[in-house]
Amino acid sequence: MGSVLEVDVDGEAVFFLDKDALAPFSRRIKSLSEEELVGAAASPRRRLVLRGFPGGAEAFELVARFCYGGGGGVTVTAANACAVRCAAQYMEMADSPAATAASTAPSLVKVADKALEDMPHWPWHCVVDAVKQCQSLFPLAESTGVFDKVVGALLAQMAIPAPGDATPTSSSPESSAFRFSCDTKCSSLSLRRTWWFEDLVVLSPGMVERVAKALLARGADHGIVARFLFYYLKCRIAGAGAEDKKAMLEAAITVIADLDRSSVSCKGLFGILRIASPVKLAAGCQEMLVAMIGRKLDHATLDNLLVQAPSGTSSLYDVSLVLRFLEAFLRHGDEPGRLKKVGELMDLYLAEVAPDPSLRPARFVELATALPAAARDCHDALYRAIDVYFQVHGRLTDDEKMKICKGINYEKLSPECCKHLATNSGFPTRAAVQALASQHTVLKGIIRHSGPLKPASPPPPPAAHRESYDDADGDSNGQVVLYASRLELTLENQNLKSLLDSMHWRVMELEKVCSRMKTQMTKMKASRRGGGAAAARSLPRMCS
């Protein structure tokens, strides 16, 4: 042995090799400088330390055997092809340094590439093993194209029905409909089967993210990829540590953010949110999750939104999170149908959080005014939620209450709610006045829209109103029947008119009471000037 080379591979094993046997096949060995070879001057034995060697000591042994065999003596199989290919790249064995114009020394890179070309036809378990190997081979697995070949083989195998698969098909597993080359994009039909989920669930979070993104890049069905990610979380989250949970969630969220909105269920996103609540996700992933939920907020339920407030806060529910959902929704939710669904959902949410004594007025105002006017056709539910909030928070000032009442469009209140508000002592007087004024405006608009009054044609209806009067000669025999003009008013509009009539009657009654009080005060002053027992008379009862 001319020059002994001691090679330490990751501290796993030490190999004593002939440098001259390796150099013809490896440019890395051939180009080693004296500085890289420790102790060259003191001893013919030289030492080389390899850290992070792809495939570890086992792969290096295959490299050494290849060199000692003169470019042979090593069988590259499905079990070691990925590791050998990356190890050959690491040792710079793509083109043999010993190659000349007259003779060509074998290249381990080419030998490994030839084995990898058959990967789509390997048994499924061999392909899965290759995927697992790639976890420890990055970034070489990516730069050498090994990972790309593995993904292509996955797609080819996923399209083949699993043993016992009852899904009917008109093609045999060996037909071209189920075989794909590594360079062929997979159609959405090829991943409808999900039997492969369980075999890939053992992958690390980083590898799951890479595999899922690679599948999508090759045209995999977004819905199937989403289902795989949810299945992965379901199987792996339970019992995992905090750091592992964080890695799994961030990997899943990163991929889901690239999927079509229709391929991800709102229920699934809120499931991820519940799992992620006690985990401190990266800010970017947290924002991506909030944005995805916000875009599908019209599919959410009240139970979804009732997220417990973070520890250390006095509130019951995380209102800030819901406001972030709304903000994300409004960036995309301009369709009237979707907007009204969210409006109904927010009315339910407001009614649920209103009794929380720790909910600050500013936060409640944000909730009540977050949605545009088009989100609600009726403001009755919003009024009731505000009414509950006022009852629980009895120390609010009128100014604070008026800020909250800004969320109410009084013209969209029903007559019943408007009447309740007008007599509700919990609401500021200004709010009651605005409500009555808006209802008066609504009624005037209805009457204006109905057009001029037209007398009804005879015969008169049974409920016609009759009124008699004396003619010019004093004869009372002449009776004129007056028919009430008919307006095509709905029951709601009639109730509005009744409400305004009632308020007008109350104003008249108050004017009469004031007039009587004025008269009584005048009499009392006169009696005091004249003396006598009149001064001892009691004041009139104003409420009689």
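The numbers attached to residues start from 1 for each chain and follow its sequence in the written order. Only residues with pLDDT of at least 70 are given local features in this predicted model, and only at 80 or more are side-chain atom pairs given and counted; all residues enter the totals for whole chains, interfaces and linings. To get the side-chain values, take all heavy atoms of the structure and skip hydrogens and water.

- An unreviewed UniProt entry lists the protein chain under the name NPH3 domain-containing protein, with Triticum aestivum given as the organism.
- One UniProt comment on the protein chain, placed under Sequence similarities (unreviewed entry), says "Belongs to the NPH3 family." UniProt positions are given in the numbering used here, feature names are shortened, and annotations may be inferred rather than shown by experiment.

So, the overall build of the protein chain
Piece 1. Runs of E in the DSSP output that reach at least two residues are strands. Runs of H or I that reach at least four are helices, and both are numbered from the N terminus. Counting its secondary structure elements, the protein chain contains 23 helices and 5 strands.
Piece 2. Buried residues in the protein chain amount to 42% of all 544 residues.
Piece 3. Any pair of residues with heavy atoms lying within 4.5 Å of one another is described as a contacting pair. Of all intrachain contacts in the protein chain linking residues separated by at least 6 positions in sequence, the fraction that spans at least 24 positions is 71%.
Piece 4. When the accessible surface of the protein chain is split by element, carbon and sulfur atoms take 53% of a total near 29,900 Å². Exposure is judged per residue with a 1.4 Å probe applied to protein chains only, and the accessible area is read against the type maximum: over 50% gives exposed, under 20% gives buried, and values in between give partly exposed. Computed with the Shrake-Rupley method and a 1.4 Å probe, the accessible areas treat only the protein chains shown as cover for residues.

Quick notes on the layout of surface pockets
Any empty space left between atoms is shown by rolling a water-sized probe over those atoms.
Piece 1. A cavity, in this analysis, means grid points on a 1 Å lattice covering only the protein atoms where a 1.4 Å probe fits yet has no way out; a pocket is instead an open set bounded by protein on both sides within 12 Å along at least five of seven lines, and a residue lines either one if it has an atom within 4 Å of a point. Grid points are joined across faces, edges and corners, and a volume is the space filled by probe spheres set on the points. Of the voids in this model, the largest pocket is the one considered here, and its volume is about 370 Å³.
Piece 2. Taken together, 16 residues form the lining of the largest pocket, with Ala 276, Ser 277, Gln 286, Pro 310 and Asp 318 sitting closest to its centre.

Details of the pattern of salt bridges
Piece 1. By definition, a salt bridge exists where a carboxyl oxygen of Asp or Glu is found within 4 Å of a side-chain nitrogen of Lys or Arg. All told, the structure shown has 15 salt bridges when counted by the stated rule.
Piece 2. Ionic pairing is found between Arg 51 and Asp 8, a salt bridge with its closest N-O pair at 4.0 Å. Remark: Asp 8 occurs in strand E1 (residues 4-9) and Arg 51 occurs in the loop between strand E3 (46-50) and helix H3 (56-68); sequence separation between them is 43 residues.
Piece 3. Relative accessible area serves as the criterion here: at 8%, Asp 8 is assigned to the buried category.
Piece 4. Across the pair Glu 366 and Arg 363 runs a salt bridge whose closest N-O atoms are separated by 2.4 Å. Here Glu 366 pairs with Arg 363, and both are found in helix H18 (residues 361-369), just 3 residues apart, close to one helical turn.
Piece 5. On the accessibility criterion, Glu 366 (35% relative accessible area) is partly exposed.

Remarks on the packing of aromatic side chains
Aromatic ring pairs are reported here in terms of the distance separating the ring centres and the angle at which the planes meet.
Piece 1. Two rings from Phe, Tyr or Trp (for Trp, the six-membered ring) form a pair when their centres sit within 6.5 Å of each other. Planes less than 30 degrees apart are called stacked, planes more than 60 degrees apart edge-to-face, and all others tilted. Inspection of the entire model under this criterion finds 15 aromatic pairs.
Piece 2. Relative to Phe 60, the ring of Phe 53 has its centre 5.5 Å away and its plane inclined at 80°; by these criteria the two rings are edge-to-face.
Piece 3. Classification of Phe 53 as buried rests on a relative accessible area of 4%.
Piece 4. For the pair Trp 196 and Phe 228, a centre-to-centre distance of 5.3 Å together with 40° between the ring planes defines the contact as tilted. Pair noted here: Trp 196 is in the loop between helix H8 (146-158) and helix H9 (197-200) and Phe 228 is in helix H11 (residues 222-236), with a separation of 32 residues, a long-range link. Like Phe 228, Trp 196 is buried.
Piece 5. Put simply, the rings of Trp 196, Phe 197, Phe 228, Tyr 231 and Tyr 232 touch in pairs and so form one group of aromatic residues.

Let's talk about the packing of helix H19 (residues 380-392) against helix H20 (residues 398-405)
Piece 1. Where H19 contacts H20, the two axes come as close as 11 Å, and the packing angle between them is 160°. The orientation of H19 with respect to H20, classified from their angle, is roughly antiparallel. Helix-helix and strand crossings are classified by hand; for H19 and H20 the assignment is right-handed. Contacts between H19 and H20 involve Ile 386, Tyr 389 and Phe 390 from the former and Lys 401, Ile 404 and Cys 405 from the latter.
Piece 2. Looking at the contact of H19 with H20 residue by residue, the class counts come to 5 nonpolar, no polar and 1 charged. Here, axes are lines fitted to C-alpha atoms. For helices the fit covers the stretch in contact, and angles between N-to-C directions go from 0 to 180 degrees. An angle below 35 degrees is treated as roughly parallel, one above 145 as roughly antiparallel, one from 65 to 115 as roughly perpendicular, and anything else as oblique. Take the far helix as your reference; a near helix turned counterclockwise from it by less than a right angle gives a left-handed crossing, and one turned clockwise gives a right-handed crossing. Three residue categories are used. Nonpolar comprises Ala, Val, Leu, Ile, Met, Phe, Trp, Tyr, Cys and Pro, charged comprises Asp, Glu, Lys and Arg, and polar comprises the others, including Gly.

Some words on the sheet that holds strand E2 (residues 13-18)
Each strand in a sheet pairs with its neighbour through backbone hydrogen bonds, running either in the same direction (parallel) or in the opposite one (antiparallel).
Piece 1. Strand order in the open sheet formed by 3 strands is E2-E1-E3, and the pairing between neighbours is mixed. Two strands lie at the open edges of the sheet, namely E2 and E3, each paired on one side alone. Averaged over neighbouring strand pairs, the angle between their axes works out to 25° when direction is ignored.
Piece 2. When DSSP locates at least two bridges between a pair of strands, those strands are taken to pair. Note that E1 and E2 share 6 bridges and pair antiparallel. Counterpart to Val 9 in the pairing with E2 is Ala 13.
Piece 3. The strands that H3 touches are E1, E2 and E3; relative to E2, the one it contacts most, it runs at about 10°.

What to know about the state of the cysteines
Piece 1. We call a pair of cysteine sulfur atoms a disulfide whenever their separation is within 2.5 Å. Within this structure, the stated rule accounts for 0 disulfides.
Piece 2. Of the cysteine sulfurs around Cys 134, a residue in no disulfide, the closest is that of Cys 82, at 4.6 Å.
Piece 3. Classification of Cys 134 by relative accessible area gives buried; the value is 0%.

Focus on empty space enclosed by the protein
Piece 1. For the structure on display, the rule yields 1 cavity of 30 Å³ or more.
Piece 2. If you trace the largest cavity, you find it lined by Ile 256, Leu 259, Asp 260, Arg 261, Val 264, Leu 269, Met 292, Arg 295 and Lys 296.
Piece 3. Within the lining of the largest cavity, the residues separate by chemical class into 5 nonpolar, no polar and 4 charged.

What to know about the environment of Ala 78
Piece 1. Tracing the backbone through its elements, the reader meets Ala 78 in the loop between H3 and helix H4 (81-90).
Piece 2. Sequence separation of Ala 78 and Ala 115 is 37 residues, and the distance between their C-alpha atoms is 7.5 Å.
Piece 3. When sequence neighbours within four positions are dropped, the list of residues in contact with Ala 78 reads Trp 122, Cys 126 and Gln 133.

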